[in-house]
Amino acid sequence: MDRSAVDTKIRELAESFNKKGVTITENTTFANDLEFDSLTVMDFVAEIEDEFDIIISMNQQAEIENYGQLVDAVTKLQAD
Amino acid sequence: MSEGIIQPDRPEDIDGEGKDLFSKFDDMIALREGILATGVEDPFNLVMEKVLSPTRAICNGRDTILLGTYNYMGMTFDPDVVEAGRQALSDFGSGTTGSRVLNGTYQGHKEVEQALMDFYAMDHAMVFSTGYQANLGIISTIAGKGDYIVLDIDSHASIWDGCAMGNAEVVPFKHNDIEAMEKRLKRIPEGAGKLVVLEGVYSMLGDIAPLKEMVAVAKKYGAMVLVDEAHSMGFIGENGRGVVEQAGVIDDVDFIIGTFSKSVGTVGGFCVSNHPKFEIMRLVCRPYVFTASLPPSVVATAETSIRKLMRGSNKRAHLWENSKTLHKGLRELGFQLGTAEPQSAIIAVIMPDLEQGAAMWEALIKGGLYVNLARPPATPANMTLLRCSLCAEHSEEEVREILGIFEAAGKAVGII
């Protein structure tokens, strides 16, 4: 799956978590812009992991602050 | 999940906010001041002026029933336990002033390790200075770079901190969700080392893990399994070995972590294992090596207590009766509880919100009952809980008295 396909899929998954309907760009941050708390992050990550059949470990999550970084990471993980 | 008052068990990064390194705590300071400004008695600043027994103390000047300690088996005032400590204090002095691997291993440390091997019927036992250090040390030491730790999201802070201190990949799964755990194990690259970390009893809601199924899944994927049995020792399982024993999987578990600060009634932590190479831990585990060993009086009280717990079936039965009576009584009064049936000696009463939770806590303490107030973010699903932990020394009459205090407080605050 290429980056834009991964992007489309993750956008779809993010919808139900994006309670305030924030417009998501590459630079949208999860903590500040989307205001995800740790429980939301866990559920969101679990959905992405199941969709792409990958593991995003906490160590990897620590490096991901914005939406663009998440799409990059998932694109790379699902290609491996 | 556990004792974190205004912090979650899973550590959070807090960004710096300028020159004063304390600025990053301003939100927490405001939060705390906000609670106290409502005029309630500070739930997190209780002082016990006098301890009368395992179940009674003078708290903030009032005679109080203790229903929020981890003194499950009531061993703290056992005459044999107290006498063993007194004797060791006279014979061996007040402290060891050294590491277990240098000058800090006395006869008593070997004896308490033997008592643990006998209690669990395992080949190896290693005693740490606290339960926190046991998890910190074992997890951070055995799971290294390139290994994977798969753990329950509601794990205790000591488990999270053990993960943070090591270099393994950390993969949490939804609380007690067997399928979520299996999916993650399945995705780990072939050949990588895997450690599954579980708890027998989760201390916030007092619920137990489905260990029979989870341990089987872990073994299917070739993972080693570590189970923290801090909140079950002495009263769950036929010999009090914990949920692993009750579930019939103790032989499939690689490491059991436990503590002396709950049922055993003193302080300290341990790991027991049948792994043939286990003894090397004593040389490579930093939280074991780089700290002073427990004082002789502590290991002597622990050993005596552990050996008495091996014969504690009557007390065990009474603790279960207490747990069932309190659970049933609170449910009948109309309180919402953390589990549908009592699964351990912890009964969590779910409060509608933090404000009413704090008001209820205050009404209880003024009525002569101490429970733990647990609040977000230390709790699962951001709940506010009044956590009740029972003791084998609570009499039937005390349990009735407890229910009476709950009824009066609940009505006064308007929760029931």
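Residues numbered from 1 in each chain as written. Chains lettered and ligands numbered in written order. Predicted model: local features only at pLDDT ≥ 70, side-chain atom pairs only at ≥ 80, totals over all residues.

### Re the overall build of chain A
Then step 1. Secondary structure summary: chain A contains four helices and zero strands in total.
Then step 2. Reading chain A from its N terminus to its C terminus gives the helix and strand order α-α-α-α.
Then step 3. For chain A, whose C-alpha radius of gyration is 11 Å, the value lies close to the compact-globule estimate of 12 Å for 80 residues.
Then step 4. Seen through its principal axes, chain A has C-alpha atoms that stretch 35 × 25 × 20 Å.
Then step 5. A total of 80 residues make up chain A; the buried ones form 21% of that total.
Then step 6. Considering only contacts within chain A whose residues lie at least 6 apart along the sequence, 55% involve residues at least 24 apart. (Helix = DSSP H or I, 4+ residues; strand = E, 2+ residues; numbered from the N terminus. Rg over C-alpha atoms; globule rule 2.2 N^0.38 Å. Buried ≥ 20, exposed ≤ 12 C-beta atoms within 10 Å, placed from the backbone. Contact = placed C-beta atoms within 7 Å.)

### So, the environment of isoleucine 56 of chain A
All names here are of chain A.
Then step 1. Looking at where isoleucine 56 falls in the secondary structure, it is placed in the loop between α2 (38–52) and α3 (58–61).
Then step 2. Under the C-beta neighbour-count criterion, isoleucine 56 is labelled partly exposed, with 19 such atoms within 10 Å.
Then step 3. C-alpha separation for the pair isoleucine 56 and valine 74, spaced 18 residues apart in sequence, amounts to 8.1 Å.
Then step 4. Ignoring sequence-local partners within four residues, the contact set of isoleucine 56 consists of Val45, Ile48, Glu49, Gln61, Ala73 and Leu77.

### What to know about the interface of chain B and chain A
Then step 1. Listed by partner, the interface residues are 13 residues for chain B and 10 residues for chain A.
Then step 2. Broken down by secondary-structure element, the contributors of at least two residues to the side of chain B that touches chain A are β6 (169–173) and α6 (178–187) of chain B.
Then step 3. For the side of chain B that touches chain A, the residue count by class is seven nonpolar, no polar and six charged. (Nonpolar A, V, L, I, M, F, W, Y, C, P; charged D, E, K, R; others polar.)

### Description of helix α2 (residues 79–92) of chain B
Residues and elements named next belong to chain B.
Then step 1. Compared with an ideal rise of 1.5 Å per residue, which puts 14 residues at 20 Å, α2 spans 20 Å between its outermost C-alpha atoms and is within 8% of the ideal.
Then step 2. Every buried residue of α2 is accounted for by Val81, Ala84, Gly85 and Ala88. Projected down its long axis, α2 shows its buried positions confined to an angular sector of 95 degrees, all on one face. Across α2 from its buried face, at more than 90 degrees, point the exposed residues Pro79 and Ser90.
Then step 3. Considering only its buried residues, α2 is in contact with α3 (107–120) and α11 (296–309).
Then step 4. One or two positions beyond α2, positive phi appears at glycine 93, with a value near 90 degrees. (Expected span 1.5 Å × (residues − 1). Arc of directions from axis to C-beta.)

### Thoughts on helix α14 (residues 396–413) of chain B
Then step 1. In this model α14 of chain B runs 26 Å from its N-terminal to its C-terminal C-alpha over 18 residues, within 8% of the 26 Å that 1.5 Å per residue would give.
Then step 2. Where α14 of chain B ends, the next residue or the one after it, glycine 414 of chain B, has phi of about 85 degrees, a positive value.

### Focus on the nonpolar core
Then step 1. Ranked by internal contacts, the top residues of the largest apolar core, which has 126 residues, are Ile139, Ile149, Val150, Leu211 and Val349 of chain B.
Then step 2. Counting contributing residues per domain, this core is built from domain 1 (37–73 + 313–413) and domain 2 (79–309) of chain B, each supplying no fewer than three.
Then step 3. Beyond its immediate stretch of four places on either side in the chain, valine 150 of chain B contacts Val171, Phe173, Met181, Arg184, Leu185, Lys194, Val196 and Ala223 of chain B.
Then step 4. One finds Phe30, Phe36, Phe44 and Ile48 of chain A within the second-largest nonpolar core, a separate group that totals 14 residues. (Core = buried A, V, L, I, M, F, W, Y, C linked by C-beta atoms within 7 Å. Domains from an automatic or database assignment.)

### A closer look at the sheet that holds strand β3 (residues 62–66) of chain B
Then step 1. Within the open sheet, the four strands sit side by side as β1-β2-β3-β15 (chain B). Their pairing is mixed. The open sheet has two free edges, formed respectively by β1 (48–53) and β15 (369–370) of chain B, since each of these has just one partner strand. (Pairing = 2+ DSSP bridges.)

### Comments concerning the environment of aspartate 252 of chain B
Then step 1. Position of aspartate 252 of chain B among the secondary structure elements: in the loop between α8 (243–246) and β11 (255–259).
Then step 2. As for aspartate 252 of chain B and valine 215 of chain B, which are separated by 37 residues in sequence, their C-alpha atoms are 7.2 Å apart.

### Structural notes on the confidence of the model for chain B
Then step 1. Per-residue confidence for chain B averages 95 on the pLDDT scale, and 99% of its residues sit at or above 70.
Then step 2. As scored by the predictor, the complex reaches a pTM of 0.95 and an ipTM of 0.92. (pLDDT = per-residue confidence, 0-100.)

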